[in-house]
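This is what each chain is made of:
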Amino acid sequence: MLSKRIIPCLDVRDGKLTKGIKFEGNVDIGDPVEMAAFYYEQGADELVFYDITASHERRGIMLEVVRRVAETIFIPFSVGGGLAGLNDMYDVLAAGAEKISVNSQAVKNPDIIGEGAKRFGNQCVVLGMDVLRVDKTPQIPSGYEIVIHGGRKRMGLDAVQWARQAQDLGAGEICLNSIDADGTRQGYELDLTRLISQAVTIPVIASGGAGEPRHLADVLLQAHADAALIASMTHYGHYTIAQIKTYLAAQGVKVRGHW
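In this text the structure is predicted, and so the values were computed from the model without any measurement.

Engineer: How should I be thinking about the overall build of the protein chain in this particular structure?
Structural biologist: Counting secondary structure elements, the protein chain contains 10 helices and 12 strands. A total of 259 residues make up the protein chain; the buried ones form 55% of that total. Within the protein chain, contacts between residues at least 6 apart in sequence are counted, and of these 63% link residues at least 24 apart. On the protein chain, roughly 11000 Å² of surface is accessible, and the fraction owed to carbon and sulfur atoms is 48%.

Engineer: Before we go on, may I ask you to explain the pairing of strand S5 (residues 77–80) in this structure?
Structural biologist: Walk down a regular strand and you will see the side chains alternate between the two sheet faces. Burial along S5 is two-sided: the residues Phe-77 and Val-79 and Ser-78 and Gly-80 are all buried. Of the pairings in the sheet, the one linking strand S4 (residues 47–51) to S5 comprises 4 bridges and is parallel in character. If you follow Val-48 over to S5, its bridge partner there is Ser-78. With 3 bridges joining them, S5 and strand S6 (residues 99–102) adopt parallel strand pairing.

Engineer: Can you walk me through the nonpolar core in this structure?
Structural biologist: Where a protein is soluble and globular, its nonpolar side chains tend to be buried together. Counting 72 residues, the largest nonpolar core has Phe-77, Ile-113, Met-129, Ile-196 and Leu-216 as its most contacted members. For this core, the leading source of residues is helix H6 (residues 159–169), giving 5 residues. What Leu-216 contacts, discounting residues up to four positions off in sequence, is Ile-6, Tyr-188, Ala-210, Ala-228, Ile-230, Met-233, Ile-244 and Leu-248. In terms of nonpolar packing, the next biggest core, distinct from the first, is built from 9 residues, Cys-9, Val-126, Ala-227 and Leu-229 among them.

Engineer: Help me understand the UniProt feature "active site" (unreviewed entry) in the protein chain, please; the structure alone is not making it clear to me.
Structural biologist: Mapped onto the present numbering, the UniProt feature "active site" (unreviewed entry) falls at Asp-11 and Asp-130. In three dimensions, the annotated residues from a span of 120 residues occupy one location, with a maximal C-alpha spread of 13.8 Å. With respect to the helices, strands and loops of the structure, Asp-11 is situated in strand S1 (residues 5–13). Position of Asp-130 relative to the elements: it lies in strand S7 (residues 125–133). Taking relative accessible area as the criterion, Asp-130 reaches 7% and is therefore assigned buried. A polar contact of 3.3 Å, which involves the side chain of Asp-130, links it to the side chain of Asn-103.

Engineer: Looking at this structure, I do not really get the state of the cysteines. What am I missing?
Structural biologist: One covalent bond between the sulfur atoms of two cysteine residues makes up a disulfide. Evaluated as defined, the whole model comprises 0 disulfides. Of all cysteine sulfurs in the structure, the one in Cys-175 sits closest to Cys-9, which takes part in no disulfide; the separation is 6.8 Å. With relative accessibility at 8%, the residue Cys-9 sits in the buried group.

Engineer: Explain helix H8 (residues 213–222) here, please?
Structural biologist: Since the α-helix packs 3.6 residues into each turn, any two residues three or four apart lie on the same face. Within H8 the residues assigned to the buried category are Pro-213, His-215, Leu-216, Ala-217, Val-219 and Leu-220. In this structure, the buried residues of H8 make contact with S1, helix H7 (190–199), strand S11 (204–207), strand S12 (227–230), helix H9 (232–235) and helix H10 (241–250). One or two residues past the end of H8 sits His-224, with phi positive at roughly 65 degrees.

Engineer: Help me understand the environment of Asn-109 in this model?
Structural biologist: The residue Asn-109 is located in the loop between helix H4 (104–108) and helix H5 (111–120) in this model. Take Asn-109: its relative accessible area is 27%, and that puts it in the partly exposed class. Considered as a pair, Asn-109 and Ala-84 are 25 residues apart in the sequence and their alpha carbons are 9.0 Å apart.

Engineer: I keep staring at the pairing of S6 and nothing clicks. Help me out?
Structural biologist: Burial along S6 is two-sided: Lys-99 and Ser-101 and Ile-100 and Val-102, pointing in opposite directions, are all buried. With 3 bridges joining them, S6 and S7 adopt parallel strand pairing. Counterpart to Ser-101 in the pairing with S7 is Val-126.

Thresholds, definitions, all that
The residue numbering used here restarts from 1 in each chain and proceeds along that chain's sequence as written. Note on the predicted model: pLDDT of at least 70 is required for a residue's local features to be given, and 80 or more for side-chain atom pairs to be given and counted; whole-chain, interface and lining totals, by contrast, use all residues. Calculation of side-chain values draws on the structure's entire complement of heavy atoms; hydrogens and water are dropped beforehand. Labels follow the DSSP assignment, with helices taken as runs of H or I lasting at least four residues and strands as runs of E lasting at least two, numbered in each case from the N terminus. Exposure classes here rest on a 1.4 Å probe applied to the protein chains alone. A residue is buried below 20% of its type maximum, exposed above 50%, and partly exposed in between. Only heavy atoms matter for contacts: two residues are in contact if any of them lie within 4.5 Å across the pair. Surface accessibility follows the Shrake-Rupley procedure with a 1.4 Å probe radius. Residue values consider only the protein chains on display as shielding. At least two DSSP bridges between two strands are needed for those strands to be called paired. Each nonpolar core is a collection of buried residues, namely Ala, Val, Leu, Ile, Met, Phe, Trp, Tyr and Cys, held together in the definition by side-chain atoms within 4.5 Å. UniProt positions are given in the numbering used here, feature names are shortened, and annotations may be inferred rather than shown by experiment. Counted as a polar contact is a pair of N or O atoms within 3.5 Å, where, for protein atoms, one must be capable of donating a hydrogen and the other of accepting one, and residues adjacent in sequence contribute only when both atoms are in side chains. Two cysteine sulfurs form a disulfide in these notes if their separation is within 2.5 Å.

Shown next, in the form of structure tokens:
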């Protein structure tokens, strides 16, 4: 079994680290570069950086923040938000990121996934999926709908169908964000994560809802996620990366360097 990855998520707005609940009520809580260095020193396996208003504001990502983070850490680093095409992808990778994450733009223009994979390699292209639980309909048979622009626009697109399509187009990984669980610290959306993990063969990163170490064990063991994104539980000092990894190892989850 491959080691499961623990990945802190840095949501950035106007150059500042921010956190909300269910994609609303965001509060600025610090400097993303300082927090990136903090997590790197703690033993995070990777980092994810989202410029959370870039797509909605129709602007490019803040490359200077990306450069400063990349100069500070030496672990894989994924960046998303406002990436409209190959030039934007290139700029982010040139600024020091190892992976680029496409979300809203990929829904509007699915070809960007294949173009990015062909130019930079499948391993570089992460599909970000923001998902809302809804009533099951013929159009949304899974009961999970894709939402774009930071949770602002529902797309009438079934999450499971979109995950499969994105994999076929060349996405190398999926970062699965549950809007319903985001920031609640009540646990990941296990049903959603399990559905997507079973629907695709590429790695799935579970995101949204982590509040204590057992939540990570649940999503990694029961819902078969390959990695778990964390934010609130470590941003606010409730747990350290070492505490989380030590707990997971005791539950039989293979993690990197938990000692």
